[in-house]
Amino acid sequence: MLSAGPLRRPLVRHLVVALVLIVVLFLVSGTLSSYNNFQVALIAAYVIAVAGLSLLTGLNGQISLGHGAFMAVGAYTTALLETHQHWPLALVLALSAVTAAVAGLVTGLGAARLRGPYLAGATLALAVGLPELTIKFTSTLGGESGLPVNPPPPVSFLGASFDPNRYLAWVSIVCVAVTMVLLANLVTSRFGRAFRAVRDDEVAASLSGIRVAGNQVLAFVVSAACAGLGGAIYALATGIVNPAGFTLVLSIAILTGAVIGGLGTLGGAVWGGILLVYLPRWAESLSNGLKLNKAISSNLSLGLYGVVLIVVILAFPAGLQGGVRQAGRALRSRFMSGPGGAGSAGAGVPAGTAPVAQGAGGETS
Amino acid sequence: MNIRPNRSAWRVAAVVAVIGLVAAACGGSSSKSTSSSTANTSGTNTASAPGITATTITIGSHQPLTGPAAPGYSEIAPASTAMFKYVNAHGGVYGRSINYIYEDDGYNPANTATVVRKLVLQDNVFAIFDGLGTPTHEAVLSFLQTEKVPDLFVASGCDCWDNPTQDPETFGFQTDYTIEAKVLASYEQAHYKGEKVGYLFQNDDFGQGGVKGFDQEIPSSDVVSRQSYDATAAGLANGLGNQVSAIKAAGAKVVMLDTIPVATALTLLAAAEIGYSPVWIVSSVGGDPPTLAGLLSSISKGKAGASLENGVISASYLPSFSDTTNPWITLFKSIHDQYDASEPWDGNTVFGMAVAYTFVQTMHAAGRNPTRADVVKALETDGGSFTGPGLVPLGYSTTHHNGYVGEQIGVVENGAFNMSGPVYRTTDSSGTPVTTYSGTQPAPPSTF
């Protein structure tokens, strides 16, 4: 069905899938409690940030430990424009992405010569250093107490008693859909092919006519814009921006989410976002269920993060999304081929090769 | 052809392990809580408000159980829990058991926003109780007003909780930083007048509120150095040597400290390293002797110990944990030994029990079947005349929501905090002098 007529074009396909998902998620959000809608918004914020980073690292091969800083840029932009200046929400969200993109441009240009661990180190410095700016400029940026962020009021046609948390969830669902459509199109376009070419072999890519430095900076800018939008939604949901909310732990958490979810895949970003919001809760439930000593239970969620990361990397090097795809392929080949044959061979192929071939598919779910 | 190792067995085991972990996690409850089944229902209790049933009252809190603020402060909620268990075991409040759910926010306001929303929207707590931290609690202040949830006894001395017009649900508890600073500074003027003074303060509302109070009593010509630090992992990672050296270089003989426990410990260690021993006058926030002793020892890896804190001057609005002659301390210690014995016994424990006791008093005053508004009204009407473990009255009225109005001075000596002399009271404003309070503290009631 998906190869018929106009649906053959990737853009149309992506838009259709996105619209369907928006409608479904809006309906689901209607059944959720106020608190669960709030969690949907948090998950959406992380999904967008993780998607950008997943693209940068998985598809373009650049490791960034600094995307928490780009989230901070987007979050503070939202705080300043939405709460101080009362600008319209859509404009505020777009500008948050733009300012983070500018920060990404500066960072990308500055780090253009760096590769691998040196790039990681430079972005790590960014993650640690950028939030400190808020303490330097306390009068405008709120210092350690931070800046409050007003929850966005629901648009008037929804009625006066529309739950603001549900409205927030709807806004964030739309943002996720828009981001995913744009990223999916980027990935299936020539830019996406160029990203993968640069990741796999810079010299070969350069010989093929790709401007490697420009390509890498573009990837940085796109991923920073995603992080900025994610930070903006996070700020709107929690109602506060302050430096303690954007530590190095956040940058590492987003990268962890991208890796566990499936580096280079958009579906993996969804897994990553869900995990980042729910893993601390599960860790707490676990420690309460086991009635652990308080010294252990307070730090259990960090330990559990590590355990899950190790387990997933060992079992599914392509992340949860890679594992899902493998399962899907195994099921499909079992049903389509005869006894034995392709089924067992599919399961035996190391999952590490999956994203290279699958990335071009531009999954939106 | 390569022989690939058989990974499928590993994968199966890993999947099973992860599913097992997740399943176990989903099984438990999502937070720490106490509840007791010894409720005497008289039959006339009703579910008069969210979080109140005929047999229980559920309250919630955000606490720094992990992170830079955890040393010392993580003991407060277990101490409150112990007091609630004691009360529940003795009939509860109008026969209702108090169920206290406290969540870790790691002193990160974004986490505070998340956990408080969970407590209010999902756990349906009746009130938020003893939310700890100034930047953390500020993150949820407007949310709680919008949701009309009583926000009782914020564990922070910021004077920003005293704002009944804008934040009618919120009540402070401890003596606010400015009042405390005025008391400490007036003691400094009484005993070290004319000496050069240095300030070392946390770079936020806590420290800046303290400086405001110090400056109301200490002439600015006496202040030779003002140093600050940020209460972040980065700000404290290298110790406070720079700040302490600057104060020593300026020649200060007295140093006023508005510091959290870990910063106080770092200050004392840095001063010991450079051979600097001024008179230290520290806020009650960072002056609890057992907490400091533990931090001094752990930060210096055993090289320094409690001896560094001898002679440090501080103040308190509650009796000292080491004052075994005080009947409230005797009572609290027995509750600690029975219900909270795995936690240390120190000023944080006394604080946790005192604020829990005040909550029990409040629920008694609010009536058998209170609404949320009834609790706020009870505090405004009766709270100012509550007597209890405090050395001074609480400042509650229809126009003020600040907590204790003064403090008594004490000195740290060999692990104990010895309080003596008059009890002082004042207000935040520069026009009010520091005066003595002459009321006496009553003994604890036999039943409550």
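Residues numbered from 1 in each chain as written. Chains lettered and ligands numbered in written order. Predicted model: local features only at pLDDT ≥ 70, side-chain atom pairs only at ≥ 80, totals over all residues.

Asks: What exactly am I supposed to notice about the overall build of chain A here?
Replies: Looking only at helices and strands, chain A features 18 helices and two strands. Split into buried and exposed, the 365 residues of chain A put 50% on the buried side. Put simply, 77% of the contacts in chain A that link residues at least 6 apart link residues at least 24 apart. (Helix = DSSP H or I, 4+ residues; strand = E, 2+ residues; numbered from the N terminus. Buried ≥ 20, exposed ≤ 12 C-beta atoms within 10 Å, placed from the backbone. Contact = placed C-beta atoms within 7 Å.)

Asks: How should I be thinking about the overall build of chain B in this particular structure?
Replies: Along its length, chain B carries 14 helices and 13 strands. For the C-alpha atoms alone, the extent of chain B along its principal axes is close to 80 × 70 × 40 Å. Taking all contacts inside chain B whose residues are at least 6 apart in sequence as the whole, residues at least 24 apart take part in 72%.

Asks: Honestly, the sheet that holds strand β1 (residues 56-63) of chain B in this entry has me stumped. Any pointers?
Replies: Residue and element names in this part refer to chain B. Pairing is parallel in the open sheet, where five strands are placed in the order β2-β1-β3-β4-β5. At either margin of the open sheet sits one strand with a lone partner, and together these are β2 (97-104) and β5 (170-172). Direction aside, neighbouring strands of the sheet carry axes that sit 25° apart on average. Bridge count between strand β3 (residues 127-129) and strand β4 (residues 151-154): two bridges; the pairing is parallel. Each residue of the ladder has a partner; that of Phe 129, found in β4, is Leu 152. Each of β1 and β2 is contacted by helix α3 (residues 76-89), which is oriented at about 170° to β2, the strand it contacts most. Lying on the sheet, helix α13 (residues 347-365) is in contact with β1, β3 and β4; it crosses β4 at an angle near 150°. (Pairing = 2+ DSSP bridges. Axes fitted to C-alpha atoms, helices over the stretch in contact; angles between N-to-C directions.)

Asks: Explain the domain arrangement of chain B to me, please; I cannot follow it from the model alone.
Replies: Interfaces are often sized by the accessible area lost when the parts come together. Residue and element names in this part refer to chain B. You can read the domains of chain B as domain 1 (56-175 + 324-404) and domain 2 (178-316). For domain 1 and domain 2, the distance between their C-alpha centres works out to 28 Å. Opposite the 15 residues of domain 1 that make contact, domain 2 presents 18 residues. Every element with two or more residues in the side of domain 1 that touches domain 2 is listed here: α2 (70-73), α5 (134-147) and α13. A breakdown of the residues in the side of domain 1 that touches domain 2 according to their chemical character gives seven nonpolar, six polar and two charged. (Domains from an automatic or database assignment. Nonpolar A, V, L, I, M, F, W, Y, C, P; charged D, E, K, R; others polar.)

Asks: Please explain the nonpolar core as it appears in this structure.
Replies: As a rule of thumb, nonpolar side chains are buried together in soluble globular proteins. Counting residues in each nonpolar core, the largest one holds 230 residues, and the members touching the most others are Ala44(A), Ile48(A) and Ile233(A). In terms of residue count, the dominant contributor to this core is helix α2 (residues 34-59) of chain A (17 residues). Mapping this core onto the domain boundaries places at least three of its residues in each of domain 1 (56-175 + 324-404) and domain 2 (178-316) of chain B. Filtering out sequence-adjacent residues up to four positions away, Ile48(A) remains in contact with Cys175(A), Val176(A), Thr179(A), Cys226(A), Leu229(A), Gly230(A) and Ile233(A). (Core = buried A, V, L, I, M, F, W, Y, C linked by C-beta atoms within 7 Å.)

Asks: Quick question: what am I supposed to make of α2(A) here?
Replies: All names here are of chain A. If you check α2, its first and last C-alpha atoms are 36 Å apart, about what 26 residues at 1.5 Å a residue would give, namely 38 Å. Among the 26 residues that make up α2, 23 are buried, leaving the element largely enclosed by the rest of the structure. In the stretch just after α2, Gly 61 is the one whose phi turns positive, near 75°. (Expected span 1.5 Å × (residues − 1).)

Asks: How do you make sense of the environment of Ser34(A) when you look at a structure like this?
Replies: Residues and elements named next belong to chain A. Positionally, Ser 34 belongs in helix α2. Judged by the 17 C-beta atoms lying within 10 Å of it, Ser 34 falls in the partly exposed class. In this structure, the C-alpha to C-alpha distance between Ser 34 and Asn 165, residues 131 residues apart in sequence, is 5.7 Å.

Asks: Honestly, the confidence of the model for chain B in this entry has me stumped. Any pointers?
Replies: Low-pLDDT portions of the prediction should not be read for the details of their coordinates. Residue and element names in this part refer to chain B. Of all residues in chain B, 90% have pLDDT values of 70 or greater, and the mean over the chain is 87. Low pLDDT, under 50, characterises residues 20-42; the predicted model gives this stretch 55 contacts beyond four residues in sequence or across chains. Both scores are available for the predicted complex, with the pTM at 0.81 and the ipTM at 0.78. (pLDDT = per-residue confidence, 0-100.)

Asks: Help me out: how do you make sense of helix α8 (residues 164-188) of chain A in this one?
Replies: Owing to its 3.6 residues per turn, the α-helix brings residues three or four apart onto one side. The end-to-end C-alpha separation of α8(A) is 36 Å, in line with the 36 Å expected for 25 residues at 1.5 Å each. Of all 25 residues that make up α8(A), 18 are buried, and the element is covered over most of its length.

Asks: Explanation requested: the environment of Ile210(A) in the structure shown.
Replies: Residues and elements named next belong to chain A. Position of Ile 210 relative to the elements: it lies in the loop between α10 (202-207) and α11 (212-238). In this structure, the C-alpha to C-alpha distance between Ile 210 and Phe 195, residues 15 residues apart in sequence, is 9.4 Å. Residues within four places of Ile 210 in sequence aside, it is in contact with Ala 194, Ala 197, Val 198, Ala 205 and Asn 215.

Asks: Help me understand the environment of Gly157(B), please; the structure alone is not making it clear to me.
Replies: Residues and elements named next belong to chain B. Looking at the secondary structure, you find Gly 157 in the loop between β4 and β5. Taking the C-alpha atoms as reference points, Gly 157 and Thr 134, 23 residues apart in sequence, are found 7.8 Å from one another. Excluding residues that lie within four positions of it along the chain, Gly 157 makes contacts with Gln 174, Thr 175, Asp 176, Tyr 177, Glu 180, Phe 206 and Val 285.

Asks: Mind showing me how you'd approach unusual backbone geometry here?
Replies: The phi angle of most residues is negative, glycine excepted, and most peptide bonds adopt the trans form. Residues and elements named next belong to chain B. Of note, Tyr 94 is a non-glycine position whose phi angle comes to about 50°, a positive value. As for its placement among the helices and strands, Tyr 94 is situated in the loop between α3 and β2. Residue class for Tyr 94 comes out buried when judged on the 20 C-beta atoms lying within 10 Å of it. One non-glycine residue, Asn 414, lies in the positive phi region at around 50°.

Asks: Would you mind going over the packing of helix α3 (residues 67-84) of chain A against α11(A) with me for this structure?
Replies: Residue and element names in this part refer to chain A. Running from N to C, α3 and α11 point in directions that differ by 50°, and their axes come no closer than 6 Å. In this view, α3 runs oblique relative to α11, as classed from their interaxial angle. Viewed along their axes, α3 and α11 form a crossing whose handedness is right-handed. From α3, His 67, Phe 70, Met 71, Ala 72, Val 73, Gly 74, Ala 75, Thr 77, Thr 78 and Ala 79 reach across to α11, where they touch Ser 223, Ala 224, Ala 227, Gly 228, Leu 229, Gly 230, Gly 231, Ala 232, Tyr 234, Ala 235 and Leu 236. Here the contact of α3 with α11 is composed, by residue class, of 13 nonpolar, eight polar and no charged. (Parallel < 35°, antiparallel > 145°, perpendicular 65-115°, else oblique. Left-handed = near helix turned anticlockwise from the far one by under 90°.)

Asks: Even after reading the chapter, I still don't get the pairing of strand β9 (residues 279-282) of chain B, so can you show me in this structure?
Replies: Residues in a regular strand point their side chains to alternate faces of the sheet. Residues and elements named next belong to chain B. Bridge count for strand β8 (residues 254-258) against β9 is four bridges, and the pairing is parallel. What sits directly across from Val 255, in β9, is Trp 280. After leaving β8, the chain enters helix α10 (residues 261-273) and then returns to the sheet as β9, a path that is right-handed. (Right-handed = clockwise from strand over helix to strand, strands pointing away.)

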